[in-house]
Amino acid sequence: MKNQFITYQHIVRLDQQDPLATKRDAFRLPTEVIYLDGNSLGAMPEAAAERAGELVQQQWSKDLITSWNKHHWIDLPKHVGEKIGRLIGAAPDQVISCDSTSVNLFKVLSCALLLQQAQNPGRSIVLSQSGNFPTDLYMVQGLATLLGEQNCQLKLVADEADIIAGMTPDVAVLLLTQVDFRSGRLLNMQRLTELAHAKGILVIWDLAHSAGALPIELDACQVDFAIGCGYKFLNGGPGAPAFIYAAKRLHNSLSQPLTGWMGHHSPFNFDKQYQKAPGIEQFLTGTPAILSLSVLDAALDVFADVELTQLRQKSLQLSSYFHQLVQQHDCLQSLQLLTPLNEAERGSQLAYQHEDAYALCQALIKQGVIADFRAPNILRLGFTPLYLRFIDMWTAVEILADIVRSQEYTKAEYKLKHKVT
Ligand SMILES: *Cc1c(COP(=O)(O)O)cnc(C)c1O
């Protein structure tokens, strides 16, 4: 396949043979748009729109507060958690949907540090990557301020070799994001978790850019904690609730710091004293955002009959064809690929460095190809196998080549910085 010229006919055939082709019908997408940003905000499933309508026209407006029981609002965090659990290799009772990824990280990070203080005193380091998504680093910094340096200290390293070398006896927690938000590099979860455990280190995986994009085996890898987003590859809608995974073997010994009433053993006893719920519900804090959570619940049904290995195969094919098509254009040689081409190290996105990446991205959006920009110089393209076609790869690369060849992107209008990039 490599180095062979890819024809339009070949691309058309790929769509004809694609077992996931009909999944696109489950989404509402503007016809004139090629959406390469589903890794940042997933497209809207039809079922999500229907659920939103049902919530405002029936559940909230007509059934009012009785909906907590009648429409099982109270069970949604757990119910949604189980649906996500299937996508991340978690047996029942270990995943719950609530709050944001940042807040959930605070909870599991505190739990992990307290566990270590009780079982392995003297460990205070949280080991992470300097390129990790900033909120992950900020949350450690905030917790370090609260607990003091002797109990929590962030140590940052660069790549996989440095992570392994950094697993020293003073490390309490290894905090990693499975797919790097900039480069799209995929880390080896099984190997890194195993190495950390052999050194007495607890492991937290951030699945923001991997849940719903590739098969994940949290139980099989014996991961301790994981967190992730509901609005990226899970298509739950803007600001959708996030999720938490905590391995069942740890549930009895955990105490998370945001001890709100929803995580209480019996919230409706209204006891004076906090007593945590026994299972994964202990990670709940306040009243769930039902409008968002219910929409996420409906959105997840899109995955019900999807084979994740098939999803992964198409994701890899989409990014591989995109890059091969880029290579077929002489004018695109100024784009420098940051993402590893090796499939075992590649998530579901491509990142190209270019000194005018921001302007290129804006010009692409103007032409209907939605990508995003990550400072300082990255053009990022996300590949969502549920609703992208191979022909979209062809068209997007043709449009990109036109923009570069014609120097369209050098126009002043594309340099205007927006608040969200
Ligand atoms: C997108 C993303 C987040 C987002 O966190 P929020 O609290 O939902 O804003 C966190 N971590 C990583 C690695 C991300 O890519």
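None of these values were measured; they are calculated from a predicted model.

What follows concerns the pairing of strand 8 (residues 202–206). The buried fraction of strand 8 amounts to five of the five residues, a majority that puts the element mostly inside the structure. Relative to strand 8, strand 7 (residues 171–177) runs parallel, the two sharing five bridges. Note on strand 8: the bridge partner recorded for Leu-176 is Trp-205. Taking the sense of rotation as the criterion, the β-α-β connection linking strand 7, helix 8 (residues 189–198) and strand 8 turns out right-handed. Strand direction decides the pairing type here: strand 8 and strand 9 (residues 225–228), joined by three bridges, are parallel.

What follows deals with the site of the ligand. What surrounds the ligand is a group of 13 residues, the closest being Ser-102, Asp-136, Asp-206, Tyr-231 and Lys-232. At 3.0 Å from an oxygen atom of the ligand is found a side-chain nitrogen or oxygen belonging to His-209. The separation between an oxygen atom of the ligand and a polar side-chain atom of Lys-232 is 2.7 Å. In isolation the ligand has 390 Å² of accessible area, and contact with the protein removes 87% of it. Those elements giving two or more residues to the shell around the ligand turn out to be helix 5 (101–119) and helix 6 (134–147). Residues that form the shell around the ligand fall into these classes: four nonpolar, six polar and three charged.

With the rule as written, the count across this model stands at twelve aromatic pairs. For the ring pair Trp-261 and Phe-270, a centre distance of 6.0 Å and an interplane angle of 25 degrees mean the geometry is stacked. By relative accessible area, Trp-261 is classed as partly exposed at 36%. One aromatic cluster is present, built from ring pairs that chain together Phe-27, Tyr-35 and Tyr-387. Cation over ring: Lys-417 sits above Tyr-358, and NZ or CZ is 4.8 Å from the ring centre.

Taken in spatial order, the seven strands of this open sheet run 4-10-9-8-7-5-6, and their pairing is mixed. Looking along the sheet, the strands with just one partner apiece sit at the ends: strand 4 (95–98) and strand 6 (153–157). Neighbour to neighbour, the strand axes of the sheet diverge by 20 degrees on average, direction disregarded. In terms of strand pairing, strand 5 (residues 125–129) meets strand 6 through five bridges, oriented parallel. Note that in strand 6 the partner of Ile-125 across the bridge is Gln-153. Lying over the sheet, helix 5 contacts strand 4, strand 5, strand 7, strand 8, strand 9 and strand 10 (242–246), oriented at roughly 170 degrees with respect to strand 9.

Domain annotation for the chain reports domain 1 (8–31 + 307–415) and domain 2 (52–303). When each unit is reduced to the centre of its C-alpha atoms, the spacing between domain 1 and domain 2 is 30 Å. Contacts between the two partners involve 26 residues from domain 1, matched on the other side by 19 residues from domain 2. Regarding the contact of domain 1 and domain 2, the summed buried area is about 1800 Å², with carbon and sulfur atoms giving 63% of it. Here domain 1 is connected to domain 2 by one salt bridge. In this structure, Glu-345 and Arg-185 form a salt bridge, with 2.8 Å as the shortest nitrogen-oxygen distance. Joining domain 1 to domain 2, the criterion identifies eight residue pairs in polar contact (both at pLDDT 80 or more). Looking at the side of domain 1 that touches domain 2, the element that brings in the most residues is helix 10 (residues 308–327), giving five residues.

The geometry of helix 1 (residues 8–16) relative to helix 12 (residues 390–405) is characterised by a closest axis approach of 7 Å and an angle of 145 degrees between their N-to-C directions. When helix 1 is examined against helix 12, the residues Tyr-8, Ile-11, Val-12, Leu-14 and Asp-15 are found in contact with a partner set consisting of Phe-390, Ile-391 and Trp-394. Residues belonging to the contact of helix 1 with helix 12 are distributed by class as follows: seven nonpolar, no polar and one charged.

The next thing to look at is the pattern of salt bridges. Going through the model one piece at a time under the given rule, you end up with 21 salt bridges. With its nearest N and O atoms 3.1 Å apart, the salt bridge here joins Glu-46 to Arg-28. Placement of Glu-46 in helix 2 (residues 46–59) and of Arg-28 in strand 1 (residues 27–28) is noted, with a sequence separation of 18 residues between them. Since its relative accessible area comes to 26%, Glu-46 is described here as partly exposed. Judged by relative accessible area, Arg-28 falls into the partly exposed class, the value being 48%. We note a salt bridge from Lys-248 to Asp-93, for which the minimum N-O separation is 3.5 Å. Pair noted here: Lys-248 is in the loop between strand 10 and helix 9 (290–300) and Asp-93 is in the loop between helix 4 (76–87) and strand 4, with a separation of 155 residues, a long-range link. Taking the relative accessible area as the measure of exposure, Lys-248 reaches 47% and is therefore partly exposed. Relative accessible area serves as the criterion here: at 30%, Asp-93 is assigned to the partly exposed category.

Analysis parameters
- Residues numbered from 1 in each chain as written.
- Predicted model: local features only at pLDDT ≥ 70, side-chain atom pairs only at ≥ 80, totals over all residues.
- Heavy atoms only, no water.
- Buried < 20%, exposed > 50% of the residue type's maximum accessible area, 1.4 Å probe, protein only.
- Helix = DSSP H or I, 4+ residues; strand = E, 2+ residues; numbered from the N terminus.
- Pairing = 2+ DSSP bridges.
- Right-handed = clockwise from strand over helix to strand, strands pointing away.
- Near = heavy atom within 4 Å.
- Polar contact = N/O pair within 3.5 Å; in protein donor to acceptor, adjacent residues only side chain to side chain.
- Areas by Shrake-Rupley, 256 points an atom, 1.4 Å probe, with all protein chains shown as cover.
- Nonpolar A, V, L, I, M, F, W, Y, C, P; charged D, E, K, R; others polar.
- Phe/Tyr/Trp six-rings, centres within 6.5 Å; stacked < 30°, edge-to-face > 60°.
- Lys NZ or Arg CZ within 6 Å of the ring centre and 35° of its normal.
- Axes fitted to C-alpha atoms, helices over the stretch in contact; angles between N-to-C directions.
- Contact = heavy atoms within 4.5 Å.
- Domains from an automatic or database assignment.
- Buried area = accessible area lost by both parts, 1.4 Å probe.
- Salt bridge = Lys/Arg side-chain N within 4 Å of Asp/Glu carboxyl O.

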